[in-house]
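A closer look at the structure
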Amino acid sequence: MAGSPERGSLVSYHGGHTLYDGTGRLEDFVQAAVRQGFAGLGFSEHMPAPPRYPYPDQPSWDEAVRKFDRYVDTVQELKVTYRDELPLLLGIEVEYLPDEEEYLTDFLARYPFDYVVGSVHYVAGIGFDHCREWYDEAAQKCGGYENLAVSYYTNVRGLLALGVTDVLGHLDLINIFSPAPISGDDVAEAEEATLAAALQWNVILDVNGRGLIKPCKQIYPRAELLRKAREMGIPATFGDDSHAPDQVGARLDEVRASMRVAGYQTVTALLPDGHQIQRVELPL
Ligand SMILES: [Zn+2]
Ligand SMILES: [Zn+2]
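What you see is a predicted model; the values in this text were computed from it and never measured. (Residues numbered from 1 in each chain as written. Chains lettered and ligands numbered in written order. Predicted model: local features only at pLDDT ≥ 70, side-chain atom pairs only at ≥ 80, totals over all residues.)

So, about helix H2 (residues 61-81). The end-to-end C-alpha distance of H2, which contains 21 residues, comes to 30 Å, matching closely the 30 Å that a straight helix rising 1.5 Å per residue would cover. The complete set of buried residues in H2 reads Ala-64, Phe-68, Tyr-71, Val-75 and Leu-78. For H2, the buried positions fall inside an angular range of 90 degrees around the axis, keeping them on one side. Exposed and facing more than 90 degrees away from the buried side of H2 are Asp-62, Glu-63, Asp-69, Arg-70, Asp-73, Glu-77, Val-80 and Thr-81. (Helix = DSSP H or I, 4+ residues; strand = E, 2+ residues; numbered from the N terminus. Expected span 1.5 Å × (residues − 1). Buried ≥ 20, exposed ≤ 12 C-beta atoms within 10 Å, placed from the backbone. Arc of directions from axis to C-beta.)

As structure tokens, then:
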């Protein structure tokens, strides 16, 4: 019955983070989605970061991979348990660093992912979204905030060029600690080039409400970028970016509203069809 009007069009393909920076049992995320009548759900746990660039909360690399193995097994089991209630997908949120491309593609080859969320959280080797201090440090290393944003979008295009991304995570995350979107001619040019690359690589934008609880207080992508994306014909989907079961579906009303304002009429779902994953347009 997935996709039928009575199921509504609630989906999320970015969330279910529990290993490093979240809490809870994956089954509780699934049950929360079932209760809300989700039409589809994807788990996108963070890829263990390359050993040279560990996340702040990440255990040793070996331990991180052992935990990741368990994550994959659990999602595969939940898919079977809940097959009549919710189309569930096994995903991953990858981490892109220009000098770790091989690490990324090797890691992806280890598991049977249904889809990949492609994200950039590092610029100049610094995890800029971790805290204000690291954000400022990354900007300093880049030679200012405009350069920080330009370098960020260069990384996003590097990620897209690998051709592994299905859902492009929180497009303008680089604004996270900025009271207003970082602007300037070079930044606007970098944003345009990145949207063009997103179109070229046929990815779906993750419209992600988690920025609303960050200093930037915006949905990613912000209204102006989302409108441009819609005008270019780039598809978009919802991401609750849940890091605990009670965050499933959080802020999706605002996310839906922002897509409507941008002119979208549908939200793109990823639904299993035999051994394939299909893109299905659900009414917004
Ligand atoms: Zn996370
Ligand atoms: Zn992310």
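Time to look at the environment of Leu-148. Its location among the elements puts Leu-148 in helix H5 (residues 145-161). Sequence separation between Leu-148 and Asp-136 is 12 residues; the distance between their C-alpha atoms is 9.4 Å. Other than its neighbours up to four places away in sequence, Leu-148 contacts Val-123, Ala-138, Ala-139, Cys-142 and Ile-174. (Contact = placed C-beta atoms within 7 Å.)

Grouped together as the largest cluster of nonpolar side chains are 82 residues, with contacts concentrated most on Val-11, Ala-149, Leu-205 and Ala-236. Here this core takes 9 residues from H5, the largest share from any one element. Those residues in contact with Val-11, other than ones at most four positions away along the chain, are Phe-38, Ala-39, Gly-40, Leu-41, Thr-237, Phe-238, Val-267 and Ala-269. (Core = buried A, V, L, I, M, F, W, Y, C linked by C-beta atoms within 7 Å.)

Moving on: the sheet that holds strand E2 (residues 40-46). In any sheet, the strands associate via hydrogen bonds between backbone groups, in a parallel or an antiparallel arrangement. Read across the open sheet, the 7 strands follow the order E1-E2-E3-E4-E7-E8-E9; overall the sheet is parallel. Single-partner strands in this sheet number two, and they are strand E1 (11-12) and strand E9 (236-239). Both E2 and strand E3 (residues 88-95) contribute to a ladder of 6 bridges, which runs parallel. Bridge pairing in E3 links Gly-42 to Leu-89. (Pairing = 2+ DSSP bridges.)

Take the confidence of the model for the protein chain next. With 98% of its residues at a pLDDT of 70 or more, the protein chain has an overall mean of 95. Between residues 1-7, whose pLDDT stays under 50, and residues either more than four places distant or in other chains, the model counts 13 contacts. (pLDDT = per-residue confidence, 0-100.)

On to the environment of Asp-273. Summarising the element assignment, Asp-273 is placed in strand E10 (residues 266-273). Distance from Asp-273 to Pro-87, taken between C-alpha atoms, is 9.8 Å for residues 186 residues apart in sequence.

Right, let's get into the packing of helix H1 (residues 26-35) against H2. Where H1 meets H2, the closest approach of the two axes is 10 Å, and the angle between their N-to-C directions is 35 degrees. Here H1 runs over H2; the crossing is right-handed. Contacts between H1 and H2 pair Leu-26, Glu-27 and Val-30 from the former with Thr-74, Val-75 and Leu-78 from the latter. The class makeup of the residues in the contact of H1 with H2 is 4 nonpolar, 1 polar and 1 charged. (Axes fitted to C-alpha atoms, helices over the stretch in contact; angles between N-to-C directions. Left-handed = near helix turned anticlockwise from the far one by under 90°. Nonpolar A, V, L, I, M, F, W, Y, C, P; charged D, E, K, R; others polar.)

With an omega of -10 degrees, the peptide bond running from Tyr-220 to Pro-221 counts as cis. With respect to the helices and strands, the residue Pro-221 is situated in the loop between strand E8 (204-208) and helix H7 (223-232). Backbone geometry at Ala-124 places phi at a positive 55 degrees, although glycine is not the residue there. Secondary-structure assignment places Ala-124 in the loop between strand E5 (122-123) and strand E6 (126-127). Here His-170, not a glycine, exhibits a phi torsion of approximately 25 degrees, which is positive.

On to the packing of helix H4 (residues 132-142) against H5, then. Where H4 contacts H5, the two axes come as close as 7 Å, and the packing angle between them is 90 degrees. Comparing their axes, H5 and H4 come out roughly perpendicular. For the pair H4 and H5, contact is made by Ala-138, Ala-139 and Cys-142 and by Tyr-145, Asn-147, Leu-148 and Ser-151, respectively. For the contact of H4 with H5, a count of residues per class yields 5 nonpolar, 2 polar and no charged. (Parallel < 35°, antiparallel > 145°, perpendicular 65-115°, else oblique.)

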